[in-house]
Amino acid sequence: MCPHVLLFPLPIQSPINSMLQLAELFCLAGLQVTFLNTNHNQQLLYRHTDVESRFRQYPKFQFRTISDGLPDDHPRSSILFGDLITSLQAVAEPFLREIVTESGVTCVIPDGLFYYAVDICNEVGVSVISFDTISPCCLWVYLCFPKLIQSGDIPFKGNDLDVLIENVPGMEDLLRRRDFPFYRLTNCATDLYCQLALKEIQSIPRSHGLILNTFEDLDGSLLSNIRTHCPQTYAVGPLQLQLKTRLSDKSMSSSNSLREEDDSSIQWLDAQPVESVIYVSFGSLATLTKEEMLEFWHGLVNSGIRFLWVMRSDLLREEKFSHQFVKELTDGSEERAYIVSWAPQEKVLSHPAIGGFLTHSGWNSTMESIVERKPMICWAVYVDQRVTSRFVGEVWKIGLDMKDICDRYIIEKAVKDLMVTNKDKLKKSVDKLSMLAKISVGEGGSSYNAFESLVNDIKKLGR
Ligand code: UDP
């Protein structure tokens, strides 16, 4: 009997990207695949991508949709992420119970945040393998939470954010309070995100396995630590590269964007010199204050370096994005700056005109930047971004971690460092990691083998 896998991503851009890549890999491996999406995101996917026709070539693939429990006009922004998670759970729990009981699903692969999916599968007797789409370095910090709470490391006592957190094995000399996922945490018992992280890690040992979008040469020692909690951890990343390697038509478009991509960014890049442009994007959810946005703008303009900036319509934290504000900013500097509201990011990062990436250090963006050999400036906002940016700066040494001080002079200097002064050194490190990533997904490489084991293990899983 053909194994039937049900994938259930967190209803936001980056997990949808990664889960769709994994879904397509499973299709190529001949598995039957159901992709459970929210109605809201499914509509956006169909509107802005070729996903519908792309997946039609796989007869054993189907999309299923459920409501996310929110009214159509309810904003689904980062500030309201808690609302979305709670309302979706109310709809998803009964739906999952029914579908795993009745539809012959062999294995459920939920996002690591959906601890309740793990409970339901264990109750019903269906195998479950969690997929944590956050960075493994942050996941390891999460896994140490109980110990950190017990030792009194968190919540922090005092305001000094430079104090080292010494109870995360392997990060004793590295992880400062300012690098901690919830660095403003005051009470673990009442903080929604801390509670979610605790539930997430409790469900890991109750899953049959854990999928991570990384590769052994990048995160080897972290993976050994994570395997003490979940021995069956499959490091199958970078997923977009694994997929590209296995697709026979390498040129196939693979956009999974929930927003309309502005391809004029590529035409603009075509007219720029090699490695002359820094790409600026804060992902799909992170926001900036108006003051921060101004500092970034002036820092970038003063650096004299060309830049392509993704200014999402919901990028400003306090108010609806004002087109007048952008117009005032961009007037006079159009030649060196190009603004779009959403870009085809992977295409942008692979463009020869791009020399670096000013990023919020989301895990997908970080992996995409490594694959495309672009060093980074990190402006981490929250959760895994804070740990990841520390690793970018201090462990992998493929970028500069700004951490907390948003000042136009610092930004100007960082941009010049990245694109001119330290360019060769950073480029050398990121080139090496990119090469290792490519080797990992090639036949016989660690991620290639991990994906083969994952498929074989799924085939062995009975009901
Ligand atoms: N992305 C994109 N176009 C943009 C900005 C982002 O396609 O203009 C994609 C990007 O390629 C990445 C995802 O959105 O796959 C963002 O994921 P990430 O984990 O970096 O950050 P998040 O949005 O979850 O904070």
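Quick summary incoming for the structure in this document.

Rules and cut-offs
- Per-chain numbering applies: the sequence of each chain, read as written, is numbered from 1 onward.
- With the structure being a predicted model, the display of local features is reserved for residues of pLDDT at least 70 and the display and counting of side-chain atom pairs for 80 or more, all residues being used for whole-chain, interface and lining totals.
- Runs of E in the DSSP output that reach at least two residues are strands. Runs of H or I that reach at least four are helices, and both are numbered from the N terminus.
- Computation of the radius of gyration draws on C-alpha atoms, with the globule rule given as 2.2 Å multiplied by the number of residues to the power 0.38.
- For every residue, the other C-beta atoms within 10 Å of its own C-beta are counted; 20 or more classify it as buried, 12 or fewer as exposed, and values in between as partly exposed. C-beta atoms are placed from the backbone.
- If DSSP finds at least two bridges between two strands, the strands pair.
- Here the axes come from fitting lines to C-alpha atoms, over the contacting stretch only for helices, and the angles between their N-to-C directions go from 0 to 180 degrees.
- Residues are scored as being in contact if the C-beta atoms we place from backbone atoms lie within 7 Å.
- All residues are tested the same way: a C-beta atom is placed from the backbone, and lying within 6 Å of a molecule or strand makes the residue near it.
- Three categories are distinguished: nonpolar for Ala, Val, Leu, Ile, Met, Phe, Trp, Tyr, Cys and Pro, charged for Asp, Glu, Lys and Arg, and polar for the others, with Gly belonging to the last.
- Seen with its strands pointing away from the viewer, a crossover is right-handed if its path from the first strand over the helix to the second goes clockwise.

Thoughts on the overall build of the protein chain
Line of reasoning, step 1. Summing up its helical and strand segments, the protein chain has 19 helices and 13 strands in all.
Line of reasoning, step 2. In terms of C-alpha radius of gyration, the protein chain reaches 21 Å, essentially the compact-globule figure of 23 Å for 463 residues.
Line of reasoning, step 3. With the C-alpha coordinates of the protein chain rotated into their principal frame, the extents come out at 65 × 55 × 50 Å.
Line of reasoning, step 4. Within the protein chain, buried positions represent 46% of all 463 residues.

Notes on the sheet that holds strand 8 (residues 277-281)
Line of reasoning, step 1. Strand order in this open sheet of 6 strands is 10-9-8-11-12-13, and the pairing throughout is parallel. Two strands in the sheet have a free side with no partner beyond their single neighbour: strand 10 (337-340) and strand 13 (399-401). Sheet twist, expressed as the average angle between the axes of neighbouring strands with direction ignored, equals 15°.
Line of reasoning, step 2. Here strand 12 (residues 376-378) pairs with strand 13 via 3 bridges, running parallel. What sits directly across from methionine 376, in strand 13, is glycine 399.
Line of reasoning, step 3. Its contacts with the sheet put helix 16 (residues 384-395) on strand 12 and strand 13, and the angle it makes with strand 13 is roughly 130°.

Overview of the site of the ligand
Line of reasoning, step 1. Ser14, Gly283, Gln345, Gly362 and Ser365 are the nearest of the 19 residues found near the ligand.
Line of reasoning, step 2. Grouping the amino acids of the shell around the ligand by side-chain chemistry returns 6 nonpolar, 11 polar and 2 charged.

Here we look at the pairing of strand 1 (residues 4-8)
Line of reasoning, step 1. Among the 5 residues of strand 1, 4 are classified as buried, and the element is accordingly described as predominantly covered.
Line of reasoning, step 2. In this structure, strand 1 lies alongside strand 2 (residues 32-38), joined through 4 bridges in parallel fashion. Looking across to strand 2, one finds that leucine 6 is bridged to threonine 34.
Line of reasoning, step 3. In this region the chain leaves strand 1, passes through helix 1 (residues 13-28) and returns to the parallel neighbour strand 2; the handedness of that crossover is right-handed.
Line of reasoning, step 4. Sheet topology note: the strand 1/strand 4 (residues 107-110) ladder contains 4 bridges and is parallel.

Examining the environment of valine 128
Line of reasoning, step 1. Structurally, valine 128 is set in strand 5 (residues 127-132).
Line of reasoning, step 2. Among residues more than four places away in sequence, those in contact with valine 128 are Val108, Pro110, Ala117, Val118, Cys121, Ser207 and His208.

Description of the sheet that holds strand 4
Backbone-to-backbone hydrogen bonds join strands into a sheet, with any given pair of strands oriented parallel or antiparallel.
Line of reasoning, step 1. An order of 3-2-1-4-5-6-7 is seen for the 7 strands of this open sheet, with the pairing classed as parallel. Among the strands making up the open sheet, the edge pair consists of strand 3 (61-66) and strand 7 (233-235). Across the sheet, the mean angle from the axis of one strand to that of its neighbour is 20°, orientation sign disregarded.

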